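Results of the structural survey
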Amino acid sequence: MDVSINELKIVESELGIKVDVLIETIQDALLHAYYRVPGAIKGARVEMDRSSGKVTVYAPEVDESGEKIGEFDDTPNEFGRIAATTARSIIAQRLREAESNRVLGDFNGKQGQIVTGTVEVPKTNRADSRDLFVELGDNVGILRAEEQVATERFSHGDMIRCLILDISVGSRGASIRLSRTHPDFVRRLFESEVPEISQGTVEIVALAREAGHRTKVAVWSSDPNVAAKGAAIGHNAQRVRAVTQELQGEKIDVVEYDDDPAKFVAAALSPAQVVKVEITDRDARRALAVVPDDQASLAIGKEAQNVRLAAKLTGWSIDIRKESEVQPLAE
C-alpha cells in the first residue's frame, strides 16, 4: 500500500475535505514528482487505487508515427515511498490551511483592534531574545521585540493588551502579529476610554508618538457644544490618566486641532506656552514659534523631542525662537 486510505478518510471526517479531492491533489503532486525522475515520459498520468491506496504511473505507448496505441506501467522504483511522503505532506498542508482558516475566522475583522491576552515566555526562548508569545484564548499571537516598548518588561503569566498589527497565512499556518509601539495602539486606547471618540462626536485628527516617551494627540469636534480636548482628558484627567497607566507612564499631550496652522502649531507645542506663531513659508510648510525665554527648553524638549513630535503632529517644520531674540528685530 503506497498511500493510507484510512488516513485520508480521517482527514475527510475531521476537516470535511472529500477523499476524492485529496486523492486528486495527491495524484497531481505525484505526477510532478514523476516528471523529476530521470527518463520520465511526457504525457504520463498517475492513478491511485481508491481501495488499496496503491499508486501506479501509466505512460503512453506510441507507435513509430508517434500515435498513442496504449499505456504501460512506468512506476519508478521506490515510488511507493515517494507517494506516502507526498500524501503526508499534503495532509499536513491541509491541516495547516484548516487551522489558518479557523484563526482567520476567529479574528476576522479584528486587525487594528486591541486584544487582551496572557504573556507566555517559552522555556526554549534564547536569553538574548525579547520576543513574547501572547495567549489569546484558543490562539497565540507573537509580540516581536521591535513591537515592544523598550522600557516595558513583562513576565510569564502577565495580562497584556496589544494591537493586532496583522494576520497572515504562511507555510506554517496563521500568524497573529501584535504591537504595543504602533500609534494606533494609543488611538484605540482613547477610543475605549472616551465614549465621545468611539461614538464619533470627537475625532482624533492626528497622532504622533515616540513609544515609551511621549505621544501628542490632536482632537476636534464638529459639535460646538462638545469640548473635544476636555472630553479626551476627562473629569480630573481620569480618561487620559487611564491611557497613560496602560502605557506605563508614557506622557500624553492632548491638544485642540485647528484649521489655522499657526494656532495648531502653537497648541502642538504643549505643554510649553507660545507667544505667537508666524508662517514663514506656506509652500514649504515652515513656521516660526516665539516662546518666552523660560519656556524655550520646554518647547524644544529633551533631545528636541517636544518640537519633533509637534512637527510630526502638524506636518509643519517648526523653528523655536526665544522672545528676547525676536524683540530687537521688531524694534
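The structure under discussion appears in the preceding block.
Scope of this entry: the structure provided in the associated data block. (Residues numbered from 1 in each chain as written. Predicted model: local features only at pLDDT ≥ 70, side-chain atom pairs only at ≥ 80, totals over all residues. Heavy atoms only, no water.)

Regarding the overall build of the protein chain
Looking only at helices and strands, the protein chain has 11 helices and 14 strands in total. Its C-alpha radius of gyration of 32 Å places the protein chain more than 25% over the 20 Å reference for a compact globule of 331 residues. In terms of overall dimensions, the protein chain has a C-alpha envelope of 105 × 50 × 45 Å along the principal axes. Here the protein chain holds 331 residues, and 38% of them are scored as buried. (Helix = DSSP H or I, 4+ residues; strand = E, 2+ residues; numbered from the N terminus. Rg over C-alpha atoms; globule rule 2.2 N^0.38 Å. Buried < 20%, exposed > 50% of the residue type's maximum accessible area, 1.4 Å probe, protein only.)

Quick look at the nonpolar core
The biggest cluster of nonpolar side chains holds 23 residues, and the ones touching the most others in it are L269, L313, I318 and I320. Within the residue set of this core, elements represented by two or more residues are β9 (202–210), α8 (261–268), β13 (286–291), α9 (296–300), α10 (305–314) and β14 (317–322). Judged by nonpolar contacts, the second largest core, of 22 residues, contains L22, I26, A44 and A83. (Core = buried A, V, L, I, M, F, W, Y, C linked by side-chain atoms within 4.5 Å.)

Quick notes on the sheet that holds strand β3 (residues 68–73)
Where strands meet in a sheet, backbone hydrogen bonds hold them as pairs that are either parallel or antiparallel. With respect to topology, three strands assemble into an open sheet ordered β1-β2-β3, the strand pairing being antiparallel. At either margin of the open sheet sits one strand with a lone partner, and together these are β1 (45–48) and β3. Taking each pair of neighbouring strands and ignoring which way they run, the sheet shows an average axis angle of 35°. For β1 and strand β2 (residues 55–62), the ladder comprises four bridges, and the chain directions are antiparallel. For V46, the partnering residue across the bridge sits in β2 and is V57. This element, helix α2 (residues 19–35), spans β1 and β2 of the sheet and lies at about 140° to β1. (Pairing = 2+ DSSP bridges. Axes fitted to C-alpha atoms, helices over the stretch in contact; angles between N-to-C directions. Contact = heavy atoms within 4.5 Å.)

Topic: unusual backbone geometry
The omega angle of the peptide bond from S270 to P271 is 15°, so this bond is cis rather than trans. Looking at where P271 falls in the secondary structure, it is placed in the loop between α8 and β12 (276–281). A positive phi angle, close to 60°, is found at A237, a residue other than glycine. On the secondary structure map, A237 appears in the loop between α6 (228–233) and α7 (238–246). Residue classification places A237 among the partly exposed residues on the basis of a relative accessible area of 24%.

Quick look at the pairing of β1
Side-chain alternation along β1 places V46 and M48 on a buried face and R45 and E47 on a face that remains uncovered. A loop of six residues connects β1 with β2, the two strands running antiparallel in sequence, and G53 in this loop sits at a positive phi of about 85°.

Things to note about the sheet that holds β9
Within the open sheet, the three strands sit side by side as β9-β10-β11. Their pairing is mixed. Every interior strand has two partners, whereas the edge strands, β9 and β11 (251–256), have only one. Across the sheet, the axes of successive neighbouring strands diverge by a mean angle of 20°, strand direction being ignored. Taken strand by strand, α8 contacts β10 (214–221) and β11, and its axis lies near 155° from that of β11.

Some points on the environment of G212
Here G212 lies in the loop between β9 and β10. In this structure the C-alpha to C-alpha distance between G212 and G200, which are 12 residues apart in sequence, comes to 27 Å. Discounting residues that sit within four places of it in the chain, G212 has contacts with V149, T151 and E250.

Notes on the pairing of β3
With five bridges joining them, β2 and β3 adopt antiparallel strand pairing. The residue of β3 that forms the bridge with A59 is F72. Hairpin remark: β2 followed by β3, antiparallel, with five residues in the connecting loop; positive phi at G66, about 90°.

A closer look at the environment of V290
Relative to the elements of secondary structure, V290 occurs in strand β13. The class of V290 is buried, set by a relative accessible area of 2%. Contacts of V290, omitting those with residues within four sequence positions, involve V274, V275, K276, R321, K322, E323 and V326.

Side note on α2
If you check α2, its first and last C-alpha atoms are 24 Å apart, about what 17 residues at 1.5 Å a residue would give, namely 24 Å. Of the positions making up α2, those classed as buried are V19, L22, I23, I26, Q27, L30, A33 and Y34. The buried residues of α2 occupy an angular sector of 135° when projected down its axis, which confines them to one face. (Expected span 1.5 Å × (residues − 1). Arc of directions from axis to C-beta.)

Some thoughts on α10
Counting buried positions along α10 yields seven of 10 residues, so the element is predominantly enclosed. Those residues of α10 that sit buried are Q305, N306, V307, L309, A310, L313 and T314. Just downstream of α10 lies G315, where phi reads positive at about 80°.

Things to note about the packing of aromatic side chains
If you walk through the whole model with that rule in mind, you get two aromatic pairs. Ring plane angle 75° and centroid distance 4.9 Å describe the contact between Y257 and F264, whose orientation is recorded as edge-to-face. (Phe/Tyr/Trp six-rings, centres within 6.5 Å; stacked < 30°, edge-to-face > 60°.)

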